[in-house]
Amino acid sequence: MDGDEFEPILGSLQKKKPWEVDFKVYDPHDLLVKQEAIVDRLQSPLALSRETTTLLLRCCFWKEESLLESFLLDRDGTLAKVGLPEHPPRPKFEAGDESFMCEICYCDGADETYLALWCGHRFCRDCYRAYVSGKVHEGESWRIRCPAVKCRTLLGLEPARFILADDKAMLNRYEENLTRSFVNDLPTFSWCPAPNCEYAIECQVPRSTWETTIPTVHCRCGKAFCFSCKHDDHIPAPCSLVSMWMQKCKDDSETSNWIKANTKECVKCKSTIEKNGGCNHMVCRECHHEFCWVCMGPWAEHGQSYYNCNRFDEDSSKNARDSVSKSRAMLERYLHYFTRYNNHEQSAKLARRLLAATEKNMDQIQRDHTLSWIEVQFLSEAVDVLSLCRSTLKWSYVLGYYMKSGNQKTIFENNQSDLEMATELLNELVENPITEDGPSIEEFKRMVIDKSTYVKTRWETILADITAGLQENRWQFESE
Amino acid sequence: MASVIRRLLKELQDIRKDLSDELLSLKPVNDEDLLQWHAVLRGPRETPYQGGLFRLRIDVPEEYPIKPPSLIFTTPVCHPNVHFETGEICLDILKSQWSPAWTLTSTCLAVHVLLANPEPSSPLNCDAANLLRCGDVVGYSSLVSMYTHIFAGQFQ
C-alpha cells in the first residue's frame, strides 16, 4: 500500500466505493516512525527537549492542537499540570554520601549508587531497577512515577531506558508497552483483533458517522473487522443492530417466545402446559383443574358438547388466543431471519473448505490442460467473491430483521434476493468438478468469470443502495 | 529474598519508635517467618470505631517492597471498604497506588485513616455504604458502634 508508486494511477482507476473507508495498516516499525514524526512536528514550536515534548504529548493523549493551544496560553501551567520540568536533567547514577539512605531497601552510606529524578527523591540503583522492571512487567510504560510516597513526578522515558539499559529483554518490553499505549491512547488507532497479529490500523472516519458508514477495515494479516466495534466484518448491518442481534441470539429470549407460542398456562394454578396430543379436555396435572384447551374456559360449562368447543368466539377466550398467536408470529419471524443468517454463516465456513478444494482443482486443471498458473486464477477469484457475498448476505438478514416494512424494505429485499440467487448459482458452478462430458475448460472458465462478474455487480448494487440509504436516513429500524 | 528480609529487619528495628496510640502493636507472627505479621489498630477517636481494638493479618510477598503487602482484618469490621466476612480491605495504596517507599507501619496507619474516612462510592460492604450514601449518619454510626462493641470490645 504505502510506497507503492503505482498507487496514484491505480487509485484513480479503482474509485473508492461509497461503503469503503480510508484506513492505513501499521507494522510495529511504522508505529515508531509515526510517533517520532508527531514528536518532531511539535518539538520546535514548543521549544522543549525531546523528552519533555514526548511526555507532554503522551499525557494529553497525542492531541497536538489542544496541547499547542494550552501551551501557548499557559506554558508553565501546562508543564506543572503534568509535573514536568522544561529540560529534565540527564539521568545518572551518583555515589552516595553520609546522608544517603534508600527508602526502599534501607541501604545507606557512600558504598551505594543512587539515582534521583528532578524531584530530589533518591533511591539506590538496585531498587530502581526492581521497581521499574516490576512496573514494566505489569504493562506500564510512561505512566511510571517516582517511587516516593505520593510523588507525582513522572519517571520519563530516558531515565527508564537508562535504568533498564543492562536488561535487554525488559527494555524491549518497555518499548513495546510504549507503542501499545500509543495505539490505545489514540481513538483513531486500533490493534487488529486477530490472535497474534501485531499490526495496528489507523482509521480517520469520525466516530459520529460510524452508524451510517460502517468502518470496515482489512488488516494485512487477512482479517477484516469493524473499526468501531471490533467485531468481524459485518457490513451492511450497523453496529447497533449487530449488537442487538448478537444479544438476541445469545440470550434465551426466544426460548420464552417458544414457551409462549407452544404452551398455555393453567387458568387456576398457572402451571405451564404443553399440549402434545389428545383432546381439548385438559386436566391440569398439578391442580386437577379441568378446562378446554381451545377457549380456556372451565370444562363444566361445555356441557354435553364434548370435543367440539362452540365457545370459540367469545371475547375472553379471543384475547387469550390473540396473545398466543402474536408470539407465535414473532417466533416465526425471528426463525425466518435466523435460519437464513445461520445458513449463510455455515455456507461461508464451507466456502473456506471450498477454497482448499479449489486449489487442488486448479492444480488438476493446470496439469490436464497445460494452462499456466495465472490462467486458472479465475477459480480462486470466484471463491473470494463467494465468501464476500456470503458475509454480506448473512448480515443483510440482520438488517432485514430490524427494518420496518414498507416500499423501501421491498426494494431492499429484491436486491437481497437477486444477490442471493446469483450467489447460489455461482456456488453451484464452482463446486461441480470438471468432468469429461461437461463443458470444455474454456467454456467453463467463461461461465465462471461471467457469473462472478455478475455476482460482484449485484453485490456492489446492494451495498451501494444500503450505504446510500443509511446516509440518507432512508431505512427505518425498529428495536423490540 | 535477601533484600526483603533486610528491609523487614530494618523496619522491625524502626517499629519500636514508630508505635503510637493508633498502632498498638505490629510484629511478625513468630521469629522464624518474617513474611507473616500481625497488627493491632485502635479505633480512631470520635468515630463509631472508638473503643475497639482491631486485629490485622499482614502477608508480605517475596517481591516486597516492589509489590504491596496484603492486609486483612481478622476482627470483623463494619465499614464500607472492608469485606465483612473475609476482612479484605479496598484501598488504592494496597493495589494500584502502592509505592515501594511505603512501610508496613505507614500502610497500617493508612488503614487507620481509612477507618475514620470511609469511601462509600467504591464499597465492599454495600449495606454500610448505602447508609452513608443516603445520608443516614446516625444509622451508620449506631450500626458500626454495635459491631465494634460486639467484635472489637476491649474487654472480651
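Residues numbered from 1 in each chain as written. Chains lettered and ligands numbered in written order. Predicted model: local features only at pLDDT ≥ 70, side-chain atom pairs only at ≥ 80, totals over all residues. Heavy atoms only, no water.

1. Things to note about the overall build of chain B
For clarity, the cut-off: Going along the chain from the N terminus, every DSSP run of H or I of four or more residues is numbered as a helix, and every run of E of two or more is numbered as a strand. Atoms counted for the radius of gyration: C-alpha only. Globule rule: 2.2 Å times the number of residues to the power 0.38. Relative accessibility thresholds used throughout: buried, under 20% of the residue-type maximum; exposed, over 50%; partly exposed, between the two (1.4 Å probe, protein chains only). Every residue pair with non-hydrogen atoms within 4.5 Å of one another is taken to be in contact. What sets the accessible areas is the Shrake-Rupley method with a 1.4 Å probe; for residues, cover comes only from the shown protein chains. For the charge count, each Lys or Arg is scored as positive and each Asp or Glu as negative, with His and the chain ends excluded. By convention, the point assigned to a charge is CZ for Arg, NZ for Lys, CD for Glu and CG for Asp.
Counting its secondary structure elements, chain B contains four helices and four strands. Secondary structure of chain B in N-to-C order comes out as α-β-β-β-β-α-α-α. Rg of the C-alpha trace for chain B: 16 Å, near the compact-globule value of 15 Å for 156 residues, within the 12% margin. Overall, the C-alpha framework of chain B stretches about 50 × 35 × 25 Å when taken along its three principal axes. Each of the 156 residues in chain B was classed as buried or not, and the buried ones make up 43%. Pairs at least 24 residues apart make up 54% of the contacts formed inside chain B by residues separated by at least 6 positions. Per element, the accessible surface of chain B, about 8000 Å² overall, is 53% carbon and sulfur. Chain B carries 13 positive and 18 negative side-chain charges, and their two centres are separated by 6 Å.

2. Quick word on the overall build of chain A
Each helix and strand counted, chain A has 14 helices and twelve strands in total. Across the 480 residues of chain A, 42% fall into the buried class. Of the roughly 26500 Å² that chain A leaves accessible, carbon and sulfur atoms contribute 51%.

3. Focus on the environment of Glu176(A)
Secondary-structure assignment places Glu176(A) in helix H8 (residues 168–185). Taking the C-alpha atoms as reference points, Glu176(A) and Ser240(A), separated by 64 residues in sequence, lie 33 Å from one another.

4. Describing the pattern of salt bridges
Opposite charge on two side chains permits them to pair, given that their charged atoms come into close proximity. So the rule is basically this: Criterion for a salt bridge: a side-chain nitrogen of Lys or Arg within 4 Å of a carboxyl oxygen of Asp or Glu.
As enumerated under the stated definition, the model contains 23 salt bridges over all chains in all. The shortest N-O distance in the salt bridge between Glu345(A) and Lys394(A) comes to 2.9 Å. Taken together, the residues span a long stretch of sequence, with Glu345(A) in helix H11 (residues 315–369) and Lys394(A) in helix H12 (residues 377–402) at a distance of 49 residues. A residue is classified by how much of its surface remains accessible, and Lys394(A), at 14% relative accessible area, is buried. Here Asp21(B) and Arg42(B) are joined by a salt bridge, their closest N and O atoms 3.4 Å apart. Of this pair, Asp21(B) sits in the loop between helix H1 (2–18) and strand E1 (23–28) while Arg42(B) sits in strand E2 (residues 36–42); the two residues are 21 residues apart in sequence, bridging distant segments of the chain. For Asp21(B), a relative accessible area of 35% gives the class partly exposed. Residue class for Arg42(B) comes out partly exposed when judged on its relative accessible area of 26%. The structure contains a network of salt bridges with shared partners spanning Glu36(A), Asp40(A) and Arg50(A).

5. Focus: the UniProt feature "domain: RING-type" (unreviewed entry) in chain A
Defined as follows: UniProt positions are given in the numbering used here, feature names are shortened, and annotations may be inferred rather than shown by experiment.
In the UniProt entry, the feature "domain: RING-type" (unreviewed entry) is given for residues 98–313 and 102–150 of chain A. For residues 102–150 of chain A, the end-to-end C-alpha separation is 16 Å, with 27% helix and 14% strand making up the annotated structure.

6. Things to note about helix H6 (residues 125–137) of chain A
All names here are of chain A. Threshold: Multiply 1.5 Å by the residue count of a helix minus one, and that product is the helix's expected span.
For H6, built from 13 residues, the straight-helix expectation of 18 Å at 1.5 Å per residue is met to within 8% by its first-to-last C-alpha distance of 18 Å. Residues of H6 that are buried include every one of Cys127, Tyr128, Tyr131, Val132, Ser133, Gly134, Lys135 and Val136, and no others. In the core, the buried residues of H6 are packed alongside strand E3 (113–116), strand E4 (122–124), helix H7 (157–163) and H8.

7. Concerning helix H2 (residues 104–116) of chain B
For H2(B), with 13 residues, the first-to-last C-alpha span of 19 Å sits near the 18 Å given by 1.5 Å per residue. Those residues of H2(B) that are buried lie in contact with H1, E1, E2, strand E3 (53–59) and strand E4 (70–73) of chain B.

8. Points about the interface of chain B and chain A
Here is the rule: Note on definitions: buried area is the accessible-area loss of two parts on being combined, 1.4 Å probe, summed for both. In the analysis that follows, any N or O atom pair within 3.5 Å is treated as a polar contact, provided that within protein one partner can donate a hydrogen and the other can accept it, and provided that, for residues neighboring in sequence, both atoms belong to side chains.
In this complex, chain B contributes 15 residues to the contact, which on the side of chain A involves 15 residues. Both faces combined, the contact of chain B with chain A buries some 1200 Å², and carbon together with sulfur accounts for 65% of it. For the interface between chain B and chain A, the tally reads zero salt bridges. Connecting chain B to chain A are three residue pairs in polar contact (both at pLDDT 80 or more).

9. Regarding the nonpolar core
All names here are of chain A. We count it as follows: Throughout this description, the term nonpolar core refers to a set of buried Ala, Val, Leu, Ile, Met, Phe, Trp, Tyr and Cys residues connected via side-chain atoms within 4.5 Å.
Formed by 55 residues in total, the largest nonpolar core has its most connected members in Leu56, Cys102, Tyr128 and Val132. No other element matches H8, which puts six residues into this core. Among all residues touching Tyr128, those that are not within four sequence positions of it are Leu115, Leu117, Phe123, Pro147, Leu155 and Ile163.

10. Overview of the UniProt feature "domain: UBC core" (unreviewed entry) in chain B
Summarizing the sequence annotation, UniProt attributes the feature "domain: UBC core" (unreviewed entry) to residues 3–153 of chain B in the numbering used throughout. In the segment residues 3–153 of chain B, helix accounts for 35% and strand for 16%; the C-alpha atoms at its two ends are 39 Å apart.

11. Overview of the UniProt feature "coiled-coil region" (unreviewed entry) in chain A
When the UniProt feature table is mapped onto this chain numbering, "coiled-coil region" (unreviewed entry) sits at residues 341–368 of chain A. Secondary structure content for residues 341–368 of chain A is 100% helix and 0% strand, and the end C-alpha separation is 39 Å.

12. A few points about the sheet that holds E2(B)
Residue and element names in this part refer to chain B. This is how it is decided: Strands pair, by our definition, only if DSSP identifies at least two bridges between them. Axis definition: a line fitted to C-alpha atoms, over the contacting stretch in the case of helices. Angles run 0 to 180 degrees between N-to-C directions.
One open sheet accounts for four strands, arranged E1-E2-E3-E4; its pairing is antiparallel. One side of each edge strand has no neighbouring strand; the edge strands of this open sheet are E1 and E4. On average, adjacent strands in this sheet sit at an angle of 20° to one another, irrespective of strand direction. Relative to E2, E1 runs antiparallel, the two being bridged by five bridges. Note that in E2 the partner of Ser25 across the bridge is Val40.

13. A closer look at unusual backbone geometry
A cis amide bond links Ile235(A) to the next residue, Pro236(A), at an omega of 10°. At the junction of Tyr64(B) and Pro65(B), the peptide bond is cis and its omega measures out at 5° in the coordinates. Mapped onto the fold, Pro65(B) is located in the loop between E3 and E4. A positive phi angle is found at Tyr106(A), which is not glycine, with a value near 65°. Relative to the helices and strands, Tyr106(A) is located in the loop between strand E2 (94–95) and E3. Since its relative accessible area comes to 13%, Tyr106(A) is described here as buried. One non-glycine residue with positive phi stands out, namely Asn473(A), at about 60°.

14. Some remarks on the packing of helix H3 (residues 126–133) of chain B against helix H4 (residues 137–152) of chain B
Residues and elements named next belong to chain B. Selection criterion: For classification purposes, an angle smaller than 35 degrees is called roughly parallel, one larger than 145 roughly antiparallel, one from 65 to 115 roughly perpendicular, and anything else oblique. Helix crossings are classified by the rotation of the near helix relative to the far one: an anticlockwise turn of less than a right angle makes the crossing left-handed, while a clockwise turn makes it right-handed. Side-chain classes follow a simple rule in which Ala, Val, Leu, Ile, Met, Phe, Trp, Tyr, Cys and Pro form the nonpolar group, Asp, Glu, Lys and Arg form the charged group, and the remainder, Gly included, forms the polar group.
Running from N to C, H3 and H4 cross one another at 150°; their axes reach a closest spacing of 7 Å. Between H3 and H4, the angle is such that the two are roughly antiparallel. Helix-helix and strand crossings are classified by hand; for H3 and H4 the assignment is left-handed. Judged by residue contacts, Ala128, Leu131 and Leu132 of H3 engage Gly139, Tyr140 and Leu143 from H4. Classifying every residue of the contact of H3 with H4 by side-chain character gives five nonpolar, one polar and no charged.

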